[in-house]
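Here is how the chains run, residue by residue.
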Amino acid sequence: MPRILVFSGSTRTGSYNALLAARAADELRKAGGEATLSSLSDYPLPIYDGDLEKNSGQPADAVALKRLFCAHHGVFIASPEYNASVTPLLKNALDWVSRVREGGEPALPAYKNRAFAIAGASPGPSAAIRSLLALRQILAVGCGALVIPEQVTIRDAANVFGEDGEIKDERTVGFLRAQCQRLVVIARFFEQGGGA
């Protein structure tokens, strides 16, 4: 059973993307994956600074988050949109994780030999699409990660999620289900020893 890490780029109470991450974890389990729902609030990190890294080393939470990535065959990220890009919280976490190498590992070990899926929810009309464009660039171009082509964007999120946190729109549920099924298929390839 492929292990999939799931988290949101927001830790705000009532975050639509945290709700989306929880729904994705449910769909991943239904698709045959073992989903680990996590929160970046469990890994508080200082703003990345090369001098800080040089003088103090990599924060323990950066190492722990990198190890969490590496313990999974896939990663699902629900990304809010801040000023047409990803949240500072998410970018900072991805940057720190990109710096951690242990025991002679090659560069960017957390981003290799696993599949990534991205989705986003927004209360506005943009549906977080610009955030996902930026996130795909960070992951695929910046970190060399395999990001599956399917992505889910949710606009008008306040009316898409019910009071119970479930997605009310069946069409959106269908898109999320298909994306999660594809992620499990690709993650299973890595579970079985595929990849470089």
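The rules behind the values
Residues numbered from 1 in each chain as written. Predicted model: local features only at pLDDT ≥ 70, side-chain atom pairs only at ≥ 80, totals over all residues. Heavy atoms only, no water. Salt bridge = Lys/Arg side-chain N within 4 Å of Asp/Glu carboxyl O. Helix = DSSP H or I, 4+ residues; strand = E, 2+ residues; numbered from the N terminus. Buried < 20%, exposed > 50% of the residue type's maximum accessible area, 1.4 Å probe, protein only. Axes fitted to C-alpha atoms, helices over the stretch in contact; angles between N-to-C directions. Parallel < 35°, antiparallel > 145°, perpendicular 65-115°, else oblique. Contact = heavy atoms within 4.5 Å. Nonpolar A, V, L, I, M, F, W, Y, C, P; charged D, E, K, R; others polar.

Caption draft 1: Representation of the pattern of salt bridges in the model. Taken as a whole, this structure holds 12 salt bridges when the rule is applied. A salt bridge links Lys30 to Glu27; its shortest N-O distance comes to 3.7 Å. Here the residue Lys30 and the residue Glu27 both occupy positions in helix H1 (residues 16-30), the gap between them amounting to three residues, near one helical turn. Judged by relative accessible area, which is 8%, Glu27 ranks as buried. In this structure, a network of salt bridges that share partners links the residues Arg23, Asp26, Arg29 and Glu166.

Caption draft 2: Region of the structure containing the packing of helix H4 (residues 88-99) against helix H5 (residues 129-142). One can describe the packing of H4 onto H5 by two numbers: an axis separation of 12 Å at closest approach and a directional angle of 5°. Accordingly, the angle class assigned to the pair H4 and H5 is roughly parallel. Taken together, the residues of H5 that come into contact with H4 (itself represented by Leu90, Lys91 and Leu94) are Leu135, Ile138 and Leu139. Classifying every residue of the contact of H4 with H5 gives five nonpolar, no polar and one charged.

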